[in-house]
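Chain by chain, the residues run as shown.
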Amino acid sequence: MSADFWCSSQRNKWQLSRQSLLEARRKVLLLERKMIQNGLIKDYPNIHYDFNMRIYLHNLLIKLGRRLNIRQVALATAEIYLNRFLTRVSLKEINVYLLVTTCLYVACKIEECPQHIRLIISEARNLWPEYIPHDVTKLAEFEFYLIEEMDSYLFLHHPYKSLIQIRDFLNENSAVFGFTLTDDELQNAWSLVNDSYITDLHLLLPPHIIAVASIYITIVLKKNLSAIRVNSSAVNSNGGPNSMMFNRNPDQNSMHIDDLMILANPSTPGSDLVNNLERTNFHDMKLDEETIKINKFMNFLDHSHINLDEVVEAMQDMINIYVQWNRYNEQGVKKALQVMLLNRQL
Amino acid sequence: MASNSILTLGPFKHRKDLTRESVLSTYQIIGYIAAGTYGKVYKAKLKNTASAEQLFAIKKFKSDNHSSNRSHHNHDINGNEIVHYTGISQSAIREMSLCRELNNKNITKLVDIILENKSIYMIFEFCEHDLLQIIHYHSHPEVKPIPQATVKSLIWQILNGVTFLHQNWIFHRDLKPANIMVSSSGVVKIGDLGLARKFNNPLQSLYTGDKVVVTIWYRAPELLLGARHYTPAIDLWAVGCILAELLSLRPIFKGEEAKIDINNKKSVPFQKNQFQKIVEVLGTPSMKNWPALNKYPEFISFQQQLTTNYPPNLVNWYKMIGSSNKQCLELLKGLLEYDPLVRLTADNALVHPYFLELPKVQENAFEGLNLKYPKRRIYTDDNDIISNQAINQNFKRHGGAYDDQHNNSNNNTNNSLNANNANNVPRKRAR
């Protein structure tokens, strides 16, 4: 239902397990192979639905969203549509540029900020003239196929709302739990959620788990910040995340995207991040301000009955994004798609 | 340089079109029920099953309703319409997405959605009756009031469905007798969520999205005064109007709609006549019983155009229609409060003393009725759900969603039906 995640279609129809997701992907690959054998599509070995591709698609969506000045929540909805669609359809049988445009078009309607079909297609054409038709009927046609592929389940719940709820709850109950989230922390957690759409997490876990994971990473990262900073100067993120709203000029108080990338690297001081969830580690921590905050947050989590295993799972995937982002090669994906799409006419 | 094949859906479309299950491969169309602004509704049963028990109402959206541009319509050499994809309207997509989420015994149950050949088919459980039909049955040929127990159970179930919607941050925005279905076992099913939408933190004022909501006779006074940020209370006003209509068997505020100027579609006219009808029964509102009255955009029009000061007259109206139950009148008063802040909310109305006294609210609203409502009339001459031509040709032929075997082209009936018509509830402009 639309006010309650627990009886929503997102949970009851579209929440997958790792196992069923793997199964779905396997089926897509099988389908792909069959289509290749039957001569329906050609094989393009360089097209994979891997992290490179996912970051590329994520960036396409953000670029188009920026041009149209579309709110974050509609972008998030569009990206879940994209993820859902690609659990059932092969990249090799579609035009991803049209797919991204269609996802955003439908998401804007669902999030009650509709964009006129002509406007959205002309902006998409400005960005990707080779791949987007003049003709709005192509976009409208894809809309049908996209909705059909999702079995017409379109309503979504996002971690953004959970973030605000947790923030407000902590404010109202600061006497009980002894801490609140600062605006900076909320902003950082928000940015982590923005990037989390690159992963499968939104197909696998309830939104509040992702929200809690983003807060945990934020708080723990803050503690490890100074330790990380020592090593951070060497990192250069090539074509790095552009949805992150972290300050790119490091100063003492704000986080840096590179911090996350280093944090994600097992050989750095931040690597005990995930282990910290096991509370045995708290004995070894120095009782500085940040540690106290982490303790208090853990105390809150204990009282919340939130599934901590799932939180850990979410954190691992969320941090892994930044490892992958370090290796991101935009040109590679762009080129591969170009070769495939421009050859399709032959 | 870019060829057509890149710019289309490519091999994916081909694959899907080959394997898609058609509406007609699953369902057998029995006949057609009704047509409206949205399109057409057909009665159907499952194909290839012996049991004809489970029935469905299949709503097919009119192509120029779910799409945004009429200029795209062409005709082929035989005069058949060629329909192009032009984008699903905000209204259709809201109804699809909301119905997919909602699950409550007082809301019509969506069984499936099929997207086929540029058309949208929503498959609902079939409901044998609706309030328009029931009210008509009780007023024709002679007036025979609906028993109190039935009225009470019906209105409680409506409120139960509305409470569910409001708890889910959805308002219906088009409650009226024609949209309240009743199953053959007397269970209310609120239908037609084509104007419904979520109201938690809207990105823009609700007015920006849809300038006009709710069929004129059921439209709350704050909407008539041009409210930009209205609340779920508008649905409760409509429920009040429906309660009054169940009691008196005619619309309580039967105003005439001032039409939108074709040359100036941006400005919405003040609905003087409708407001007049309300004032005649409820008395002229003032800042005393409605403190925010002068804050509404149309306050000046209201002041200038409704100069006669009427006293409250609902109690007399109630006596005149022959009703006497005190608590029922109290409930009616609570639902027809001018000030939306004071008006009963759906969950408060559910526990109103009226529902606590005897007779008890029944799960089967028809319990104890010694009459049988006629079945919904089905027009078997048209069971072609696929062709797009049929929709447009037959659109105006049959107005109503009820069995009109008693229909002697009676005035009341026809007017009621007109209220379901395109003119009264302009749908959202398609995108």
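None of the values given here were measured: they were computed from a predicted structure.

### Focus on the side chain of Thr77 of chain A
Residues and elements named next belong to chain A.
Phase 1: By secondary structure assignment, the location of Thr77 is in helix H4 (residues 72-85).
Phase 2: Look at Thr77 and you get buried, because its relative accessible area is 0%.
Phase 3: Leave out the neighbours within four places in its chain, and Thr77 touches Ala107, Glu111, Leu156 and His158.

### Regarding unusual backbone geometry
Residues and elements named next belong to chain B.
Phase 1: In this model, His140 is joined to Pro141 through a cis peptide bond whose omega is -5°.
Phase 2: Mapped onto the elements of the fold, Pro141 is located in the loop between helix H6 (131-139) and helix H7 (148-167).
Phase 3: Going from Leu358 to Pro359, the amide bond is cis rather than trans, its omega being -5°.
Phase 4: Structurally, the position occupied by Pro359 is in the loop between helix H16 (353-356) and helix H17 (388-394).
Phase 5: Unusually for a residue other than glycine, Arg173 sits at a positive phi of about 70°.
Phase 6: By relative accessible area, Arg173 is classed as buried at 0%.

### Examining the domain arrangement of chain B
Residue and element names in this part refer to chain B.
Phase 1: Along its sequence, chain B is organised into domain 1 (22-126) and domain 2 (129-355).
Phase 2: Domain 1 puts 15 residues into the contact, and the matching count from domain 2 is 20 residues.
Phase 3: When the two sides are added together, the surface that domain 1 and domain 2 hide from each other amounts to roughly 1,500 Å², 57% of it contributed by carbon and sulfur.
Phase 4: Of all residues in domain 1, Arg94, Leu98 and Asn106 bury the most surface against domain 2, accounting for 39% of the area lost on that side.
Phase 5: Counting across the interface, domain 1 meets domain 2 through one salt bridge.
Phase 6: For Lys59, the salt bridge identified is with Asp192, shortest N-O distance 3.5 Å.
Phase 7: For the pair domain 1 and domain 2, the number of links is eight residue pairs in polar contact (both at pLDDT 80 or more).
Phase 8: Of the residues forming the side of domain 1 that touches domain 2, the biggest block, five residues, is contributed by helix H5 (residues 90-101).
Phase 9: Classifying every residue of the side of domain 1 that touches domain 2 by side-chain character gives five nonpolar, five polar and five charged.

### Focus on the pattern of salt bridges
Phase 1: Using the criterion set out here, one finds 29 salt bridges over all chains in the structure.
Phase 2: A salt bridge links Asp168 of chain A to Arg167 of chain A; the nearest nitrogen and oxygen atoms lie 2.9 Å apart.
Phase 3: Here the salt bridges share partners, and the residues they tie into one network are Glu141 and Glu148 of chain A together with Lys13, Asp17 and Arg20 of chain B.

### Describing the pairing of strand S3 (residues 55-61) of chain B
Residue and element names in this part refer to chain B.
Phase 1: Most of S3 is tucked away: six of the seven residues are buried.
Phase 2: Here strand S2 (residues 39-46) pairs with S3 via seven bridges, running antiparallel. Among the inter-strand pairings, Gly39 is bridged to a residue of S3, identified as Phe61.
Phase 3: Strand direction decides the pairing type here: S3 and strand S7 (residues 119-125), joined by five bridges, are antiparallel. The residue of S7 that forms the bridge with Ala57 is Phe124.

### Observations regarding the sheet that holds strand S11 (residues 188-190) of chain B
Residue and element names in this part refer to chain B.
Phase 1: Spatial strand order, S8-S10-S11: three strands in an open sheet with antiparallel pairing. The two strands at the open ends of the sheet, each matched to only one other strand, are strand S8 (129-130) and S11.
Phase 2: As defined by bridge partners, S8 adjoins strand S10 (residues 180-182) across two bridges and the pair is classed as antiparallel. Looking across to S10, one finds that His129 is bridged to Val182.

### A closer look at the packing of helix H8 (residues 159-172) of chain A against helix H10 (residues 183-196) of chain A
Residue and element names in this part refer to chain A.
Phase 1: Where H8 contacts H10, the two axes come as close as 10 Å, and the packing angle between them is 160°. Between H8 and H10, the interaxial angle falls into the category roughly antiparallel. As for how H8 packs across H10, the hand of that crossing is right-handed. Residues Pro159, Tyr160, Leu163, Ile164 and Arg167 of H8 lie in contact with H10, whose contacting residues are Leu186, Ala189, Trp190, Val193 and Asn194.
Phase 2: Among the residues making up the contact of H8 with H10, the classes are represented as eight nonpolar, one polar and one charged.

### Comments concerning the interface of chain B and chain A
Phase 1: Taken together, the 50 residues of chain B in the interface contact 55 residues of chain A.
Phase 2: Summed over both partners, the interface of chain B with chain A comes to about 4,800 Å²; 61% of that surface belongs to carbon and sulfur atoms.
Phase 3: Counting across the chain B and chain A interface gives six salt bridges.
Phase 4: One salt bridge in this structure joins Arg20 of chain B and Glu148 of chain A, with 2.6 Å as the shortest N-O distance.
Phase 5: Scanning the region where chain B abuts chain A turns up 15 residue pairs in polar contact (both at pLDDT 80 or more).
Phase 6: For the side of chain B that touches chain A, the secondary-structure elements that each account for two or more residues are helix H1 (4-7), helix H2 (11-19), H5, strand S6 (110-116), S7, H7 and strand S12 (197-198) of chain B.

### Some thoughts on the side chain of Ser139 of chain B
Residues and elements named next belong to chain B.
Phase 1: You can see Ser139 is positioned in helix H6.
Phase 2: Ser139 gets classed as buried once you look at its relative accessible area, which sits at 10%.
Phase 3: There is a polar contact of 2.8 Å between the side chain of Ser139 and the backbone oxygen of Ile135.
Phase 4: At 3.1 Å, the side chain of Ser139 forms a polar contact with the side chain of His140.

### Some thoughts on the domain arrangement of chain A
Bring the parts together and some accessible area is lost; that lost area is often taken as the interface size.
Residue and element names in this part refer to chain A.
Phase 1: The domain architecture assigned to chain A consists of domain 1 (15-156) and domain 2 (159-233 + 253-326).
Phase 2: Taken residue by residue, the interface counts 18 residues in domain 1 and 20 residues in domain 2.
Phase 3: Taken together, the two surfaces of domain 1 and domain 2 that pack against each other cover about 1,800 Å², and 60% of this comes from carbon and sulfur.
Phase 4: When the buried surface of domain 1 facing domain 2 is broken down by residue, Arg18, Phe51 and Ile55 rank first, second and third, together holding 33% of it.
Phase 5: Counting across the domain 1 and domain 2 interface gives four salt bridges.
Phase 6: Of all elements in the fold, only helix H2 (18-37), helix H3 (51-68) and H4 reach the threshold of two or more residues within the side of domain 1 that touches domain 2.
Phase 7: In the side of domain 1 that touches domain 2, the residues fall into six nonpolar, seven polar and five charged.

### With respect to the sheet that holds strand S1 (residues 27-35) of chain B
Residue and element names in this part refer to chain B.
Phase 1: Taken in spatial order, the five strands of this open sheet run S1-S2-S3-S7-S6, and their pairing is antiparallel. Among the strands making up the open sheet, the edge pair consists of S1 and S6. This sheet shows a mean twist of 25° between the axes of neighbouring strands, independent of strand direction.
Phase 2: Judged from the seven bridges that link them, S1 and S2 form a sheet pairing that is antiparallel. Paired with Gly31 across the bridge in S2 is Lys43.
Phase 3: Each of S3, S6 and S7 is contacted by H5, which is oriented at about 140° to S6, the strand it contacts most.

### Quick notes on H2 of chain B
Phase 1: Along H2 of chain B, the residues classified as buried are Pro11, Phe12, Arg15 and Lys16 of chain B. Down the axis of H2 of chain B, the smallest arc covering the buried residues is 135°, so these residues share one side.
Phase 2: Buried residues along H2 of chain B sit in contact with H2, H4 and helix H7 (136-149) of chain A.

### Regarding the packing of aromatic side chains
Phase 1: This model, assessed by the stated rule, comprises 33 aromatic pairs over all chains.
Phase 2: Plain terms: the ring middles of Tyr27 of chain B and Phe56 of chain B are 5.2 Å apart, the flat faces sit at 75° to each other, and that makes the pair edge-to-face. Within this pair, whereas Tyr27 of chain B is found in strand S1, its partner Phe56 of chain B is found in strand S3, the two being separated by 29 residues in sequence. A single burial state applies to Tyr27 of chain B and to Phe56 of chain B, both of which are buried.
Phase 3: Aromatic side chains Tyr32 of chain B and Tyr42 of chain B sit 6.1 Å apart centroid to centroid with 55° between the ring planes, which places their arrangement in the tilted category. On the criterion of sequence distance, the pair formed by Tyr32 of chain B in strand S1 and Tyr42 of chain B in strand S2 is long-range, its members being 10 residues apart.
Phase 4: On the basis of relative accessibility, which here comes to 0%, the residue Tyr32 of chain B falls in the buried class.
Phase 5: Aromatic ring contacts, followed pair by pair, group Phe169, Phe177, Phe179, Tyr216, Phe297 and Phe300 of chain A into a single cluster.
Phase 6: If you follow Lys144 of chain B out to its NZ or CZ, it ends over the ring of Tyr137 of chain B, 4.8 Å from the centre.
Phase 7: One Lys or Arg, Lys152 of chain B, reaches over the ring of Tyr354 of chain B and ends 4.7 Å from the middle of that ring.

Conventions we followed
Residues numbered from 1 in each chain as written. Chains lettered and ligands numbered in written order. Predicted model: local features only at pLDDT ≥ 70, side-chain atom pairs only at ≥ 80, totals over all residues. Heavy atoms only, no water. Helix = DSSP H or I, 4+ residues; strand = E, 2+ residues; numbered from the N terminus. Buried < 20%, exposed > 50% of the residue type's maximum accessible area, 1.4 Å probe, protein only. Contact = heavy atoms within 4.5 Å. Domains from an automatic or database assignment. Buried area = accessible area lost by both parts, 1.4 Å probe. Salt bridge = Lys/Arg side-chain N within 4 Å of Asp/Glu carboxyl O. Polar contact = N/O pair within 3.5 Å; in protein donor to acceptor, adjacent residues only side chain to side chain. Nonpolar A, V, L, I, M, F, W, Y, C, P; charged D, E, K, R; others polar. Pairing = 2+ DSSP bridges. Axes fitted to C-alpha atoms, helices over the stretch in contact; angles between N-to-C directions. Parallel < 35°, antiparallel > 145°, perpendicular 65-115°, else oblique. Left-handed = near helix turned anticlockwise from the far one by under 90°. Arc of directions from axis to C-beta. Phe/Tyr/Trp six-rings, centres within 6.5 Å; stacked < 30°, edge-to-face > 60°. Lys NZ or Arg CZ within 6 Å of the ring centre and 35° of its normal.

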